[in-house]
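Listed below, chain by chain, are the residues.
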Amino acid sequence: MDKFIVSARKYRPQNFYTVVGQSHITTTLKNAIKNNQLAHAFLFCGPRGVGKTTCARILAKTINCENRTAAGEACNQCNSCISFNEGTSLNIHELDAASNNSVDDIRTLVEQIRFAPQAGKYKVYIIDEVHMLSSSAFNAFLKTLEEPPPYAIFILATTEKHKILPTILSRCQIFDFKRITVSDTVSHLQEICEKENIKADKASLEVISQKSEGCMRDALSILDKIVSFTNGKITYQDTLEHLNILDADYYFKLMDAMLKQNLAEAMLLYDGINRKGFDGDLVLNGFAEFIRNLLVSKDENAARLLEVVESFKEKYIETAKKTDAAFLISALNVLSEAEINYKLARNKRLHVELALIRLCYLKQAIELVSKGEITDKKKLTETVKPVAFRSIVPVEIHKKESGSSGKDDQAKLIIETGKLNLQKEKAEPKTVHPVQPANENKSASPDPALGALSKIRQQLANRQNTNQENGSKPLVQEDLEQAWQNFTQQLKQNKNSATESFQRAALKIRDQHSFEVITNNNLEQKFIEQEKRNFSDYLQQLFNDKTISFFITISEKSDTGSHSEKMLTKREQYQLMAEQYPLVKELKDRLKLELDY
């Protein structure tokens, strides 16, 4: 029985042309080899599982190959390539910086560099996870990295470029590896499935590629697990079940239930999802991603941003046409808020169900808000009416001869009024007002613009008259203070915190309908303001006058008194103490103490 080798190792690329998704790097390296323009130090950086170490090994094998092809690839047939493939080459040294990160390890490496290669042209040193080296190890490596022997080439690989010292970065030729796209991953997985005689549909391979997030090593590991799970026949449902991914059909059904405002259907769907063992946060996160895809699908040009199974793209576009963008954006806000507060909730299921309830009635809430805005605008436009102006023909004045009598000397005015607005004619009868001569008094009628102000003044005067007719009591200092004391006694009985502020305050009458409450500080002012409304009602009922009002102010004496106190110096304080307590001075003299000024 042959020993099983995982796909990530079995199908590791052996040449540049077999590297997936990194053509910008492989092309550069091949051209550098062909043109004999190799740098003495390379830095390969990028995410995990995208081919950094693989490219470093291929580069090390290719530059030592004895019979390179015209395309700049290794032949895999010469002694150097065979020894490299078998792992017995003496010209390639790999160092794991995660476990060999001390200064002593770097010193040992520097000592090995002094020896020239016995066979081959270059000695290649591959340092993986180079960011794990200590700062002292980096400093010990600087001089050798800057000026190595002509036969030494360093290839550094890391996933965290920002942790490497700038002095190291400036001495290396940097290559940035990118994440492998979904299409490249799917095509590579299909090739492996054909070689291994595995039956797999394209939808399941697309799900595996999306789950790997651009990491080929993870995609191959997932493929091995699912092959063992399905016994060589990979289906879409088995892939979803093994990877613990919720099918997108559930999200489409949930969206249909929410658009129909069918709460019962949505709750039953979530119950089925919950019975399958999916956590609530996974449902919230997946549904938010689903709504994001719907927003992207609103524009067919942006639909290429969808990272979903090909068979679902048309369904996304159709569903996006039926939904409103305002609903989708509001739903995203609800889901993001629910996902943030999910960890704080005690009852996780109830928390998710409340979010679903809000989503089911979200469409109705948006409609109500939009209708409310329309009605408000209608009301505003109905209340505002344009001012109706009359069209007046210019006045023509005819004068008689100078010999006519006094009455006949008066000017005859001929006024012709234009047509009024049709709506004005329907609402009001047509009336023509005579125009007075220019020399007559113009103060006949008040300005109509001041009508509202005159009405308010009239109402205020009528209210004062009714107060006098109803027998309202005049505001007297003695009666006011008695009412103040009675109200303070009520506060004291109710154990109100404002009692002391009312007891310390002073009263001063301003006029017949107002008085002033004088307090000592801001704190008393705030306490009295809390009971201002209750005391106003009490006074208005007691004096039978609804126009009584009062103002709360702070006494100027209390403000200035605190600032007028003089600060004593230490000498003055001592002198004051010595006058009051002579023993203090005697104690100072006996102990020969000195004041610290």
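Residues numbered from 1 in each chain as written. Predicted model: local features only at pLDDT ≥ 70, side-chain atom pairs only at ≥ 80, totals over all residues. Heavy atoms only, no water.

(A) Quick peek at the overall build of the protein. Along its length, the protein carries 27 helices and twelve strands. Burial analysis of the protein (597 residues in total) assigns 35% to the buried set. Summarising the internal contacts of the protein: among those between residues at least 6 apart in sequence, 70% fall at separations of at least 24. Accessible surface, the protein as shown: approximately 38,800 Å² in total, 51% of it carbon and sulfur. (Helix = DSSP H or I, 4+ residues; strand = E, 2+ residues; numbered from the N terminus. Buried < 20%, exposed > 50% of the residue type's maximum accessible area, 1.4 Å probe, protein only. Contact = heavy atoms within 4.5 Å. Areas by Shrake-Rupley, 256 points an atom, 1.4 Å probe, with all protein chains shown as cover.)

(B) How the structure looks around the nonpolar core. Counting residues in hydrophobic clusters, the biggest one holds 65 residues, and the most contacted among them are Leu223, Met255, Phe287, Phe290, Tyr316 and Leu359. The biggest single contributor to this core is helix 12 (residues 248–259), with nine residues. Filtering out sequence-adjacent residues up to four positions away, phenylalanine 290 remains in contact with Tyr251, Phe252, Met255 and Tyr316. By size, the runner-up hydrophobic cluster in this structure holds 24 residues, among which are Ile25, Ile33, Ala60 and Phe84. (Core = buried A, V, L, I, M, F, W, Y, C linked by side-chain atoms within 4.5 Å.)

(C) Quick look at the sheet that holds strand 12 (residues 549–554). Reading across the sheet, the three strands line up as 10-11-12 and stay open at both edges, with mixed pairing between neighbours. Two strands bound the open sheet, and with one partner strand each, they are strand 10 (506–511) and strand 12. For this sheet, the mean angle separating the axes of adjacent strands, direction not counted, is 25°. For strand 11 (residues 514–519) and strand 12, the ladder comprises six bridges, and the chain directions are parallel. The residue bridging valine 517 from the neighbouring strand is isoleucine 552, located in strand 12. Here helix 23 (residues 522–530) sits on the sheet in contact with strand 11 and strand 12, set at roughly 160° to strand 12. The sheet contacts of helix 24 (residues 532–543) involve strand 11 and strand 12, and relative to strand 12 the element is tilted by about 140°. (Pairing = 2+ DSSP bridges. Axes fitted to C-alpha atoms, helices over the stretch in contact; angles between N-to-C directions.)

(D) Expanded view of the side chain of serine 89. If you trace the backbone, serine 89 turns up in the loop between helix 4 (79–86) and strand 2 (92–96). A polar atom in the side chain of serine 89 sits 3.4 Å from the backbone nitrogen of asparagine 91. If near-sequence neighbours (up to four positions away) are discounted, serine 89 is found in contact with Ser83 and Phe84. (Polar contact = N/O pair within 3.5 Å; in protein donor to acceptor, adjacent residues only side chain to side chain.)

(E) Broad picture of helix 23. Among the residues of helix 23, those classed as buried are Glu524, Gln525 and Ile528. Take helix 23 and look down its axis: the buried residues cluster within an arc of 105°, on one side only. When the buried face of helix 23 is taken as reference, the exposed residues oriented beyond 90 degrees from it are Leu523, Lys526 and Gln530. Buried residues in helix 23 make contact with helix 21 (477–493), helix 22 (499–504), strand 11, helix 24 and strand 12. N-cap assignment for helix 23: the residue whose side-chain oxygen lies 3.3 Å from the backbone N of leucine 523 is asparagine 521. (Arc of directions from axis to C-beta.)

(F) Broad picture of the environment of alanine 70. By the secondary structure assignment, alanine 70 is in the loop between helix 3 (52–63) and helix 4. Each C-alpha atom of the pair alanine 70 and lysine 34 lies 8.2 Å from the other, and the pair is 36 residues apart in sequence.

(G) Molecular detail of the side chain of asparagine 64. Along the chain, the position of asparagine 64 falls in the loop between helix 3 and helix 4. Of the polar contacts made by the side chain of asparagine 64, one reaches the backbone nitrogen of lysine 121; its length is 3.3 Å. At a separation of 2.9 Å, a polar atom in the side chain of asparagine 64 contacts the main-chain amide nitrogen of tyrosine 122.

(H) The layout of surface pockets, seen in detail. Estimates place the volume of the largest pocket at around 920 Å³. Gln210, Lys211, Ile245, Glu289 and Glu307 are the residues nearest the centre of the largest pocket, which is lined by 33 residues in total. Elements represented by at least two residues in the lining of the largest pocket include exactly helix 8 (182–195), helix 9 (202–212), helix 11 (236–243), helix 12, helix 14 (280–297) and helix 15 (310–322). In terms of residue count, helix 14 provides more of the lining of the largest pocket than any other element does, seven residues in total. The residue inventory of the lining of the largest pocket, partitioned by class, reads 16 nonpolar, ten polar and seven charged. Roughly 450 Å³ of internal volume is contained in the second largest pocket. For the second largest pocket, the lining is made up of 23 residues, of which Gly49, Val50, Gly51, Thr54 and Arg217 are closest to its centre. Among the secondary structure elements, those contributing two or more residues to the lining of the second largest pocket are helix 1 (7–10), helix 3 and helix 10 (216–230). (1 Å grid on protein atoms, 1.4 Å probe; cavity = no way out; pocket = protein on both sides within 12 Å on 5 of 7 lines; lining within 4 Å. Points joined across faces, edges and corners; volume = space filled by probe spheres on them. Nonpolar A, V, L, I, M, F, W, Y, C, P; charged D, E, K, R; others polar.)

(I) A look at the pattern of salt bridges. Going through the model one piece at a time under the given rule, you end up with 19 salt bridges. Here aspartate 104 ties to arginine 107 by a salt bridge, and the two come within 3.7 Å at their closest N and O atoms. Residue aspartate 104 and its partner arginine 107 are located together in helix 5 (residues 103–113), separated by three residues, close to a single helical turn. Neither aspartate 104 nor arginine 107 differs from the other in exposure class; each is exposed. In this structure, a network of salt bridges that share partners links the residues Asp271, Arg275, Arg349 and Glu353. (Salt bridge = Lys/Arg side-chain N within 4 Å of Asp/Glu carboxyl O.)

(J) How the structure looks around the sheet that holds strand 4 (residues 152–158). Judged by pairing direction, the sheet is parallel, and its five strands sit side by side in the order 2-3-4-1-5 without closing on themselves. Every interior strand has two partners, whereas the edge strands, strand 2 and strand 5 (173–176), have only one. Sheet twist, expressed as the mean angle between neighbouring strand axes with direction ignored, is 15°. The pairing of strand 1 (residues 41–45) with strand 4 spans five bridges and is parallel. Among the inter-strand pairings, phenylalanine 42 is bridged to a residue of strand 4, identified as isoleucine 155. Seen against the sheet, helix 2 (residues 23–34) touches strand 1 and strand 5 and runs at an angle of roughly 150° to strand 5. Relative to strand 1, helix 3 is tilted by about 155°, and along the sheet it contacts strand 1, strand 2, strand 3 (123–128) and strand 4.

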